[in-house]
Amino acid sequence: MGKRSKVIEREEVVVRFSGDSGDGMQLTGTLFSYTSAIFGNDISTFPDFPAEIRAPQGTVGGVSGFQVHFGHSEVYTPGDYADVLVAMNPAALKANAKWMKPGGTIIMDVDSFDEKHLKKAGYKTNDPLMEDKLGDYHIVKAPLTTLTKESLKDMGLDNKSILRSKNMFALGLVYWVFDRPLDHTEEFIRKKFAKKPAVVKANLKVLEDGYNYGNNIQATTPSYHINPAEIKKGSYRNLNGNIATAWGFLAASEKSGLPLFLGSYPITPATEILQELSARKDLGVKVFQAEDEIAGICTSIGASFTGSLAITSTSGPGLALKGEAIGLAVIAELPLVVVDVQRGGPSTGLPTKTEQSDLMQALYGRNGESPLVVVASSSPTNCFDYAYYAAKIAVEHMTPVILLSDGFLANGTQPWRIPELSEFPDIVPPVVDKNDKDWAPYKRDEERLNRYWACPGTEGFEHRIGGLEKDYVTGDVSHDSLNHERMTDIREKKVQKVADYIPELEVLGDEDAEVLMVGWGGTYGHLYTALEELLAEGHKVALAHFNYIKPLPKNSYDVLKKFKKRVVCELNLGQFASYLRMNFPDLEYSQFNKVQGLPFTVVELKEHIKSLLEEC
């Protein structure tokens, strides 16, 4: 290989693959991510799907994107703006031009930039580079369609099959740009299409030809060099939030000794949890794909009654439908984890876009005083941890737990160091003592206030449960007003007792800061990156990020009151800020909100924090 004309040394780079939903951009981005992770880079990804199952081809609404941020040091977000954009058609360029860094590289399939496709994408002239003011960028006008057809002309494939392979040509070219090996992708192709040798041969050839095309144009095309990251030793794999969540429940099942049951109904973006657990029959997992959301949770409640670690998964619309059944689990005091992978709402809203607007629904979206524990994951990989801890809390405290994830976490990926199960605390189910002669269905542990788990078939511990109010001890149906108030109080106190068993709130950054950023759930990566950059620039800033929402960590008030200004940053109109005002009304909070179906950018967070610092 000849000497490259211009090699750009970088600590980190952001690449975005973009095209029609049928162009294979999700697979292309995923394969590039895997290769970068195996190479040793730290990565963070953001798959961005169109909201429609099949939007009109060539339109901006039908653009599918996959962004990957990889670097020599740890990365916590998929990046705000791209250094390199692969645009398979004019609509991809139109949708992503505003997300390019100045001076970046744009690889265009010029074969698709004809008058018809330019018009469908909304361009008014035949010069999209001028319209989008991209004159200062490195533009690689690659005829990807023509080159793919030329590469495969002697393979005996039909035109449709040939065009399906052009994403591999683009991937080969990008591998050249970043000096990445082809062998990992070649191995993937051989395995995936093992029963279709013609497809294997075609994809391998076009991948290699794309790489060689990079060699041919190197005199005019810059390439990038990024060293491997220095990360903690261990075995790693690339993992998204949904898979991590499913695996966290598998670990909790093993650690607790309880069989795992999932009753669920497919819904974007939570379906992958159902799919992953349904594939683990080898571990004794039982999965029931119900006819609707209500049936899904009701089967899980039944499984919990019989002694299983019971899970149900959904998104915002499904959580609304499950509300009455969650109330049943609350009054029956059965362990249950409800996973809510949040998406844009209301109603069916934005099924493929991220949001944090289910918080109030999780806290209060049921009839009556219906308290439960609310926990939120904050990165794709720690979805594993919080699935585990949600299961631990649900079982040990005999309470439903809502675990909040979101579309950004669910689909995004990070390298995950595979832990030893011994690194996680034990889960001890509060099963009835068979020697307890004074047992009653609602007799409680004096410290945790949970009732004991008496599974059907345990001789001498037969009892019935249901949705009507219970007697404080016997569990019999009671309409007594004072008993109802007493039971309402004890159910709330039981949930608040969980605060004794969760970590205290940690402050990151400058403890003497003038401004405290406050966040929760999936905004952590962007907030933490903004914090690091602001500190490096000499600003006095701190961050308090919440994973435990109800109950709040015991030191929450003490942390919040230390700071002069508190700004709550969330992807809704201020739900967590309102919740903090309810809990700590003597403190003042400002808000920074975004409801665009997109995560924060680090740039906008920094600009807002700097404006607050100027007011101090």
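On a predicted model such as this, the values are computed, not experimentally measured, just so you know. (Residues numbered from 1 in each chain as written. Predicted model: local features only at pLDDT ≥ 70, side-chain atom pairs only at ≥ 80, totals over all residues. Heavy atoms only, no water.)

J.: Can you lay out the overall build of the protein for me, pointing to particular residues and giving the numbers?
T.: Helix and strand content of the protein: 22 helices and 22 strands. Computed over its C-alpha atoms, the radius of gyration of the protein comes to 27 Å, within 12% of the 25 Å expected for a compact globule of 616 residues. Dimensions along the principal axes, computed over C-alpha positions, put the protein at roughly 85 × 65 × 45 Å. Across the 616 residues of the protein, 58% fall into the buried class. Across the protein, every contact between residues at least 6 apart in sequence was considered, and the portion connecting residues at least 24 apart equals 77%. Counting only carbon and sulfur atoms, one obtains 50% of the accessible surface of the protein, whose full area is about 26,000 Å². Positive and negative side-chain charges of the protein, numbering 66 and 81 respectively, have mean locations separated by a distance of 4 Å. (Helix = DSSP H or I, 4+ residues; strand = E, 2+ residues; numbered from the N terminus. Rg over C-alpha atoms; globule rule 2.2 N^0.38 Å. Buried < 20%, exposed > 50% of the residue type's maximum accessible area, 1.4 Å probe, protein only. Contact = heavy atoms within 4.5 Å. Areas by Shrake-Rupley, 256 points an atom, 1.4 Å probe, with all protein chains shown as cover. Lys, Arg positive; Asp, Glu negative; His and termini not counted. Charge placed at Lys NZ, Arg CZ, Asp CG, Glu CD.)

J.: How would you explain the nonpolar core if you had to name every residue and give the values?
T.: Ranked by size, the top nonpolar core spans 95 residues in total, and within it Phe249, Val337, Leu403, Ile549, Phe576 and Leu580 carry the most contacts. Examining the composition of this core, we find that 10 residues originate from one element, helix α16 (residues 383-397), more than from any other. Domain assignment of the residues forming this core places at least three in each of domain 2 (253-502) and domain 3 (507-615). Residues Phe32, Leu173, Leu204 and Tyr224 belong to the second largest nonpolar core, which totals 42 residues. (Core = buried A, V, L, I, M, F, W, Y, C linked by side-chain atoms within 4.5 Å. Domains from an automatic or database assignment.)

J.: An account of helix α19 (residues 524-536) is needed here, citing residue identities and associated values.
T.: Helical geometry: 3.6 residues make up each α-helical turn, so side chains three or four residues apart lie on a common side. With 13 residues, α19 should cover 18 Å at 1.5 Å per step; its first-to-last C-alpha distance of 18 Å lies within 8% of that length. The inward-facing, buried residues of α19 contact α17 (407-411), β17 (507-509), β18 (515-520), β19 (541-546), β21 (565-570) and α22 (602-615). At the exit of α19 stands Gly538, carrying a positive phi of roughly 95 degrees. (Expected span 1.5 Å × (residues − 1).)

J.: Can you break down the side chain of Thr413 residue by residue, with the values?
T.: For Thr413, the position within the fold is in strand β16 (residues 413-417). A polar contact of 3.4 Å, which involves the side chain of Thr413, links it to the side chain of Asn238. Discounting residues that sit within four places of it in the chain, Thr413 has contacts with Ile43, Ser44, Thr45, Asn238, Leu239, Asn240 and Pro380. (Polar contact = N/O pair within 3.5 Å; in protein donor to acceptor, adjacent residues only side chain to side chain.)

J.: Just give me the short version of the packing of helix α12 (residues 293-305) against helix α14 (residues 323-332), but keep the residues and values in it.
T.: Running from N to C, α12 and α14 point in directions that differ by 15 degrees, and their axes come no closer than 9 Å. For the element pair α12 / α14, the angle class is roughly parallel. The handedness of the crossing between α12 and α14 is left-handed. From α12, Ile297, Cys298 and Ile301 reach across to α14, where they touch Ala325, Ile326, Leu328 and Ala329. Here the residues of the contact of α12 with α14 are counted per class, giving 7 nonpolar, no polar and no charged. (Axes fitted to C-alpha atoms, helices over the stretch in contact; angles between N-to-C directions. Parallel < 35°, antiparallel > 145°, perpendicular 65-115°, else oblique. Left-handed = near helix turned anticlockwise from the far one by under 90°. Nonpolar A, V, L, I, M, F, W, Y, C, P; charged D, E, K, R; others polar.)

J.: Describe the packing of aromatic side chains, and please don't skip the residues or the numbers.
T.: A ring pair, where both rings are aromatic, is described by two values, the distance of the centres and the angle of the planes. Here the structure, examined in full by the defined rule, presents 25 aromatic pairs. Between Phe178 and Tyr224, the ring centres sit 5.2 Å apart and the planes meet at 25 degrees, which makes this aromatic pair stacked. Within this pair, whereas Phe178 is found in the loop between α7 (166-177) and α8 (183-192), its partner Tyr224 is found in strand β8 (residues 223-225), the two being separated by 46 residues in sequence. With relative accessibility at 1%, the residue Phe178 sits in the buried group. Every member of this aromatic cluster is reached through a ring pair, and the members are Trp247, Phe384, Tyr386, Tyr388, Tyr389, Trp416, Phe424 and Tyr548. Above the face of the Tyr501 ring, Arg448 is positioned so that its terminal group lies 4.6 Å from the ring centre. (Phe/Tyr/Trp six-rings, centres within 6.5 Å; stacked < 30°, edge-to-face > 60°. Lys NZ or Arg CZ within 6 Å of the ring centre and 35° of its normal.)

J.: I'd like a description of the side chain of Asn238, backed by residues and values.
T.: Note on placement: Asn238 falls in strand β9 (residues 236-240). With sequence-adjacent residues up to four places away left out, Asn238 is seen in contact with Ser33, Tyr34, Ile43, Thr413, Gln414 and Pro415.

J.: Can you tell me about α16, naming the residues and giving the values?
T.: Relative to the 21 Å expected for 15 residues at 1.5 Å per residue, α16 spans 21 Å between its end C-alpha atoms, a close match to the ideal helical length. With respect to burial, α16 is a largely interior element, 13 of its 15 residues being buried. A positive phi of about 50 degrees marks Met398, the residue just after α16.

J.: Summarise the sheet that holds strand β22 (residues 590-593); cite the residues concerned and give the values.
T.: Across the sheet, 5 strands lie side by side as β17-β19-β18-β21-β22; this open sheet has mixed pairing. Lying at the two open borders of the sheet, with one neighbouring strand each, are β17 and β22. Each adjacent strand pair in this sheet contributes to an overall mean axis angle of 25 degrees, direction not counted. As judged from the 4 bridges shared by β21 and β22, these two strands associate in the parallel manner. Counterpart to Cys569 in the pairing with β22 is Phe592. (Pairing = 2+ DSSP bridges.)

J.: Please give an account of the environment of Asn159 that cites residues and values.
T.: Along the chain, Asn159 turns up in helix α6 (residues 159-164). A relative accessible area of 44% places Asn159 in the partly exposed class. Taking the C-alpha atoms as reference points, Asn159 and Lys149, 10 residues apart in sequence, are found 8.1 Å from one another.

J.: Residues and numbers for the environment of Cys298, please.
T.: As for its position among the elements, Cys298 is in helix α12. Judged by relative accessible area, which is 37%, Cys298 ranks as partly exposed. Placed 31 residues apart in sequence, Cys298 and Ala329 show a C-alpha to C-alpha distance of 9.2 Å.

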